Amino acid sequence: MAEVIIVPDQATAGELVADAIQALVRHRPDAVLGVATGSTPLPVYRALGGRGLPLDRVRAFALDEYVGLPEGHPESYAAVVRREVTDPLGLDPARVRVPGDTGALRTAGEDYEAAIAAADGVDLQLLGIGTDGHIGFNEPGSSLASRTRIKTLTEQTRRDNARFFSSLADVPRHCITQGLGTILEARHLVLLAFGEGKAEAIAGAVEGPVTASLPGSAIQLHPHVTVVVDEAAASRLALAQYYRDVYAHKPEWQGL
Ligand code: F6R
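Below, the structure is looked at part by part. Not measured: the values here are computed from a predicted model.

1. So, the site of the ligand
Piece 1. Around the ligand, a shell composed of 15 residues is seen, among which T37, T40, D64, H134 and G136 lie nearest.
Piece 2. In the environment of the ligand, an oxygen atom lies 2.6 Å from a nitrogen or oxygen atom belonging to the side chain of H134.
Piece 3. Within the backbone of G136, a nitrogen or oxygen atom sits 2.7 Å from an oxygen atom of the ligand.
Piece 4. When the free accessible area of the ligand is taken as 410 Å², the share hidden by the protein chains comes to 95%.
Piece 5. Residue classes in the shell around the ligand are distributed as four nonpolar, eight polar and three charged.

As structure tokens, this is what we get:
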């Protein structure tokens, strides 16, 4: 089962996950990180930014990207990764890939899978979760075995993400995303969620049945998952008290 850590606020979550990344990079200076975009991982990037870690040998793969935005659009995930990850952390942009960055959409999925395999896979994959339960942009109904491919965003996701655009009409309908099968091959999954709006998706992902109808539930198939949530996002977890007890008595040597 996933380790579920309930934290008081986003800053605490950011520091906790930054600790795990710092430990990974210390142990493996050429670690491969899986980076997520959206609002959720920002506290992690902020916490990492303050640590001055040597990241010159680290590589990173983004989870997903919109399809159809003009080149250089500030809300493209390539631009977000540059703004929130590579620039502040001093990570060489040439060592970071975003799906579809080769321009050839027809072969972009296979190309991305090959690039991840050539890097010997992802060591630590950061994940957020959509209010409809998506991880990456694997919307409800996505195959649990899916690989990197083009998907159509749900109306719910487009509405949720409209806050980043001038209007709902400007939110792309299509995206390219690592598949659930791709994500499950990362060696450590770290799923973060904050706020009441994520409570139902988190309860389904952690404690519900494993089902393509709630793609986040695929994490239950993975042997090493850490879920870091604030009180509001944890509010529908039936076993919340148990998770608190487990964490309170966790042996120090264990790490995340
Ligand atoms: C982004 C991604 C998505 C987001 C999810 C939550 O790369 O893969 O799954 O994590 O849509 O978005 P926020 O964090 O903005 O609530």
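2. Quick notes on the pattern of salt bridges
Piece 1. Scanning the entire structure with this criterion turns up 17 salt bridges.
Piece 2. A salt bridge links D123 to R187; the shortest N-O distance between them is 2.9 Å. One end of the pair, D123, is in the loop between α4 (105–118) and β6 (124–127); the other, R187, is in the loop between α6 (180–183) and β9 (188–193), and 64 residues separate them in sequence.
Piece 3. In this structure, R147 engages E185 in a salt bridge whose closest nitrogen and oxygen atoms are separated by 3.0 Å. Here R147 is found in the loop between β6 and β7 (149–152), whereas its partner E185 is found in the loop between α6 and β9, with 38 residues between them in sequence.
Piece 4. Of the residues examined, E185 reaches a relative accessible area of 51% and is grouped as exposed.
Piece 5. Connected via shared salt-bridge partners are R28, D30, D123 and R187.

3. Some thoughts on helix α7 (residues 199–207)
Piece 1. Of all nine residues making up α7, seven are buried, and the element is well covered by its neighbours.
Piece 2. For α7, the set of buried residues is A199, A201, I202, A203, G204, A205 and V206.
Piece 3. Taken together, the buried residues of α7 touch β1 (3–7), β9, β10 (225–230) and α8 (240–248).

What counts, and at which threshold
- Residues numbered from 1 in each chain as written.
- Predicted model: local features only at pLDDT ≥ 70, side-chain atom pairs only at ≥ 80, totals over all residues.
- Heavy atoms only, no water.
- Near = heavy atom within 4 Å.
- Polar contact = N/O pair within 3.5 Å; in protein donor to acceptor, adjacent residues only side chain to side chain.
- Areas by Shrake-Rupley, 256 points an atom, 1.4 Å probe, with all protein chains shown as cover.
- Nonpolar A, V, L, I, M, F, W, Y, C, P; charged D, E, K, R; others polar.
- Salt bridge = Lys/Arg side-chain N within 4 Å of Asp/Glu carboxyl O.
- Helix = DSSP H or I, 4+ residues; strand = E, 2+ residues; numbered from the N terminus.
- Buried < 20%, exposed > 50% of the residue type's maximum accessible area, 1.4 Å probe, protein only.
- Contact = heavy atoms within 4.5 Å.

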